[in-house]
Amino acid sequence: MNGIAPRARLLSAFILILAVVSLRDITVQGAALGLALILALVSGQAVKPLLHRLAHVEGFMALLLLMLPFTVPGPPLASLGPLTVSAEGLLRALGIALKVNAAVLLGFALLGAVEPLRLGHAARRLGVPVRLVQLFLFTTRYIELFRDEIHRRREAMRARAFVRRSSLHSFRSYGNLAGMVLVRALEKAQRVEEAMRCRAFDGRLPAIGIDDRGRGEIAGPGLALLAGAALVLMDRMP
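These figures come from a predicted structure and were not determined experimentally. (Residues numbered from 1 in each chain as written. Predicted model: local features only at pLDDT ≥ 70, side-chain atom pairs only at ≥ 80, totals over all residues. Heavy atoms only, no water.)

A. The arrangement of the overall build of the chain in detail. From N to C terminus, the chain includes eight helices and two strands. For 238 residues, the compact-globule estimate of 2.2 N^0.38 gives 18 Å, and the C-alpha radius of gyration of the chain, at 23 Å, exceeds that figure by more than 25%. Over its C-alpha atoms, taken along the principal directions, the chain stretches across nearly 60 × 55 × 30 Å. Expressed as a percentage of the 238 residues in the chain, the buried residues total 30%. Considering only residue pairs separated by 6 or more positions, the chain has 71% of its internal contacts joining residues 24 or more positions apart. Positive and negative charge centroids in the chain, built from 30 and 16 side chains respectively, lie 4 Å apart. (Helix = DSSP H or I, 4+ residues; strand = E, 2+ residues; numbered from the N terminus. Rg over C-alpha atoms; globule rule 2.2 N^0.38 Å. Buried < 20%, exposed > 50% of the residue type's maximum accessible area, 1.4 Å probe, protein only. Contact = heavy atoms within 4.5 Å. Lys, Arg positive; Asp, Glu negative; His and termini not counted. Charge placed at Lys NZ, Arg CZ, Asp CG, Glu CD.)

Okay, structure coming up:
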């Protein structure tokens, strides 16, 4: 899959994710998750890093599983004191979890190996507004810089014998850390803006040295369209 053009990957991911989020049957949602997992493994994604990335998503899914069964009205399934677990809420929470995990796996499988710069230019060539593309490129570029800044400041805190505790001093220290990172982010943004103006940046994205050609320009989105249509037809079957 490494030789597939970034535009084909992006369009295929959009088609499949759009099909997945439209599914309503819990069985078809599970099948979509299985298909996405197979595609992620076939694309060369290592299992351990993949599970580590999914762990960030599962925290939000756990909140849904804890809240929706108790808040969505429907036939009661069980009772926990004054709270009633509804079957409708449980099915809805499971459906959302299956679809979100399938969409994330599809994103990793199709877009995980594409460099952000190539992905941004591919999105622009597909008609995505330039402002959104710029926001994406700047975000991916400076996340690592701010992560390094947080790491340096946490190392400085450890050098000053800081120990994490549930105390007012710890909370104040983390508040100062967050404030300093925001200040550094503002300073960095101002310097970047000045540097871009010095280079006569006019709001357009230069594509010098960017080549997003490759195989699968038509076949990739075509297969994705067929797979998405098959999932939707299975979902709509009585």
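After that view of the structure, there is still more to cover.
B. Representation of the packing of helix H2 (residues 26–42) against helix H4 (residues 87–111) within the structure. Close contact between H2 and H4 brings their axes to 8 Å; oriented N to C, the two are set at 20°. What the angle tells us is that H2 and H4 run roughly parallel. In this structure, H2 meets H4 at a crossing whose hand is left-handed. Residues Ile 26, Gln 29, Gly 30, Ala 32, Leu 33, Ala 36, Leu 37, Leu 39 and Ala 40 of H2 form the contact with H4, whose participating residues are Leu 91, Leu 94, Gly 95, Leu 98, Lys 99, Asn 101, Ala 102, Leu 105, Leu 106, Ala 109 and Leu 110. (Axes fitted to C-alpha atoms, helices over the stretch in contact; angles between N-to-C directions. Parallel < 35°, antiparallel > 145°, perpendicular 65-115°, else oblique. Left-handed = near helix turned anticlockwise from the far one by under 90°.)

C. Layout of the packing of aromatic side chains. The tally for this structure, following the rule as stated, stands at one aromatic pair. When the ring of Phe 162 is compared with that of Tyr 174, the centres are 5.7 Å apart and the planes differ by 85°; the resulting orientation is edge-to-face. One end of the pair, Phe 162, is in the loop between helix H6 (130–159) and helix H7 (168–198); the other, Tyr 174, is in helix H7, with 12 residues separating them in the sequence. Accessibility expressed as a relative area gives 28% for Tyr 174, which makes it partly exposed. A cation over an aromatic ring shows up here: Arg 53 above the ring of Phe 108, its NZ or CZ 5.3 Å from the ring centre. (Phe/Tyr/Trp six-rings, centres within 6.5 Å; stacked < 30°, edge-to-face > 60°. Lys NZ or Arg CZ within 6 Å of the ring centre and 35° of its normal.)

D. Spatial organisation of the packing of helix H5 (residues 116–125) against H6. Running from N to C, H5 and H6 point in directions that differ by 175°, and their axes come no closer than 9 Å. Judged on the interaxial angle alone, H6 and H5 are roughly antiparallel. Mapping the contact onto sequence places Pro 116, Leu 117, Leu 119, Gly 120, Ala 123 and Arg 124 in H5 and Val 130, Val 133, Phe 136, Leu 137 and Thr 140 in H6. For the contact of H5 with H6, the per-class residue count stands at eight nonpolar, two polar and one charged. (Nonpolar A, V, L, I, M, F, W, Y, C, P; charged D, E, K, R; others polar.)

E. Structural detail: H2. The terminal C-alpha atoms of H2 lie 24 Å apart, and with 17 residues this matches the ideal 24 Å at 1.5 Å per residue to within 8%. Looking only at H2, the buried set comprises Val 28, Gln 29, Ala 32, Ala 36 and Ala 40. Along the axis of H2, the buried positions cluster into a sector of 120°, meaning they face one direction only. Pointing more than 90 degrees away from the buried face of H2 are the exposed residues Thr 27, Ile 38 and Val 42. Looking at the buried side of H2, the elements it contacts are helix H1 (6–21), helix H3 (47–71), H4 and helix H8 (219–236). For H2, the N-terminal capping position is held by Asp 25, with its side-chain oxygen 3.0 Å away from the main-chain nitrogen of Thr 27. (Expected span 1.5 Å × (residues − 1). Arc of directions from axis to C-beta. Polar contact = N/O pair within 3.5 Å; in protein donor to acceptor, adjacent residues only side chain to side chain.)

F. Structural detail: the environment of His 52. When you line up the elements, His 52 lands in helix H3. The exposure class assigned to His 52 is exposed, which follows from its relative accessible area of 53%. A sequence separation of 89 residues divides His 52 from Arg 141, and the C-alpha atoms of the two residues are 22 Å apart.

G. Examining unusual backbone geometry more closely. The phi torsion at Ala 161 lies on the positive side, around 65°, for a residue other than glycine. A residue is classified by how much of its surface remains accessible, and Ala 161, at 62% relative accessible area, is exposed.

H. View of a nonpolar patch on the surface. On the surface, Leu 11, Phe 14, Leu 18, Val 21 and Leu 126 cluster together to form a nonpolar patch covering roughly 450 Å² of accessible area. Summarising the element assignment, Val 21 is placed in helix H1. (Patch = residues over 30% accessible without salt bridge, like charges linked within 9 Å, V, L, I, M, F, W, Y side chains within 5 Å. Areas by Shrake-Rupley, 256 points an atom, 1.4 Å probe, with all protein chains shown as cover. Salt bridge = Lys/Arg side-chain N within 4 Å of Asp/Glu carboxyl O.)

Spatial relationships are all this shows, so hold off on functional conclusions.
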